[in-house]
Amino acid sequence: MTPTITAFERSPDRGRGLARDMRLRWALEEVGQPYEVRFLSFSEMKEPAHRMLHPFGQIPTYEEGDLALFESGAIVFHIAEHHAGLLPDDANARARAITWMFAALNTVEPPILDRGIAKLVEHDKTWYEERLPIIEDRVRVRLGELSSRLGNADWLDDGFSAGDLLMVTVLRRLSGSGMLEEYSNLAAFVARGEARPAYKRAFDAQLAVFTGKPPTA
């Protein structure tokens, strides 16, 4: 059965691949699973019909038969659990990959999101100039720790996994900030993720929503 995901009708990221449906698109492309997309306006996201799928009125959601899921990390985990290619077969390696999925969303992403929200909605506040460096210091602490752990490796734990997929999407939120470039191995890690054919297909599909032009073959 072909799953259906939801996405912004008009993404606020202007097609830069930062909206969370990108994580689902990439995961589905990696495992070779066709999917359909149902686009929602901001008002439709808050209506009862969508809140039955996502109680917080956000995207993405995932529907497959009588199964409905929300939260991008949980959905990527579901995809990885049911399709080969995103989690290792070895039990210990599989557990470590899942740990990196949680680390990406629970440890690395929060300060990065905090920075993004501050720049978006707090830039005109009196405390902004003092608060931003504090947030960015928190981001750099996490980046430094991640950089030390990654070292010269290509991926977080041997081969590419769902942990790498989520970590790359989290780190991409720093695009244009110059912060990621302070850690050359992390910048190279993100570039490796972006170079994967499945990522490119997913990115082109999300960009096409904003540009109105069909994805390139």
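Residues numbered from 1 in each chain as written. Predicted model: local features only at pLDDT ≥ 70, side-chain atom pairs only at ≥ 80, totals over all residues. Heavy atoms only, no water.

### A few points about empty space enclosed by the protein
Empty space among the atoms can be located by rolling a probe the size of a water molecule over them. Applying the stated criterion to the full structure yields two cavities of 30 Å³ or more. Lining the largest cavity are Ala7, Phe8, Ser11, Asp21, Arg25, Gln206, Val209 and Phe210. Only β1 (4–8), α1 (21–31) and α9 (197–211) provide two or more residues apiece to the lining of the largest cavity. Residues belonging to the lining of the largest cavity are distributed by class as follows: four nonpolar, two polar and two charged. When its volume is computed, the second largest cavity comes out at roughly 30 Å³. Lining the second largest cavity are Gly17, Leu18, Ala19, Arg20, Met22, Arg23, Thr169 and Arg173. (1 Å grid on protein atoms, 1.4 Å probe; cavity = no way out; pocket = protein on both sides within 12 Å on 5 of 7 lines; lining within 4 Å. Points joined across faces, edges and corners; volume = space filled by probe spheres on them. Helix = DSSP H or I, 4+ residues; strand = E, 2+ residues; numbered from the N terminus. Nonpolar A, V, L, I, M, F, W, Y, C, P; charged D, E, K, R; others polar.)

### Overview of a nonpolar patch on the surface
A cluster of nonpolar residues, Ile117, Leu120 and Val121, forms a patch on the protein surface that exposes about 300 Å² of accessible area. Looking at the secondary structure, you find Val121 in helix α5 (residues 91–121). By relative accessible area, which is 46% here, Val121 ends up partly exposed. (Patch = residues over 30% accessible without salt bridge, like charges linked within 9 Å, V, L, I, M, F, W, Y side chains within 5 Å. Areas by Shrake-Rupley, 256 points an atom, 1.4 Å probe, with all protein chains shown as cover. Salt bridge = Lys/Arg side-chain N within 4 Å of Asp/Glu carboxyl O. Buried < 20%, exposed > 50% of the residue type's maximum accessible area, 1.4 Å probe, protein only.)

### So, the pattern of salt bridges
Under the defined criterion, the tally for this structure stands at 17 salt bridges. Note that Glu109 and Arg23 form a salt bridge whose closest N and O atoms lie 2.6 Å from each other. With Glu109 in helix α5 and Arg23 in helix α1, the pair connects residues that are 86 residues apart, well separated along the chain. Grouping residues by exposure puts Glu109 and Arg23 together as buried. Residue Arg196 pairs with Glu30 through a salt bridge whose shortest N-O separation is 2.7 Å. Here the residue Arg196 occupies a position in the loop between α8 (184–195) and α9, and Glu30 occupies one in helix α1, the gap between them amounting to 166 residues. Its relative accessible area of 24% is what places Arg196 among the partly exposed residues. Through salt bridges with shared partners, a single network forms among Arg20, Arg23, Glu109 and Arg173.

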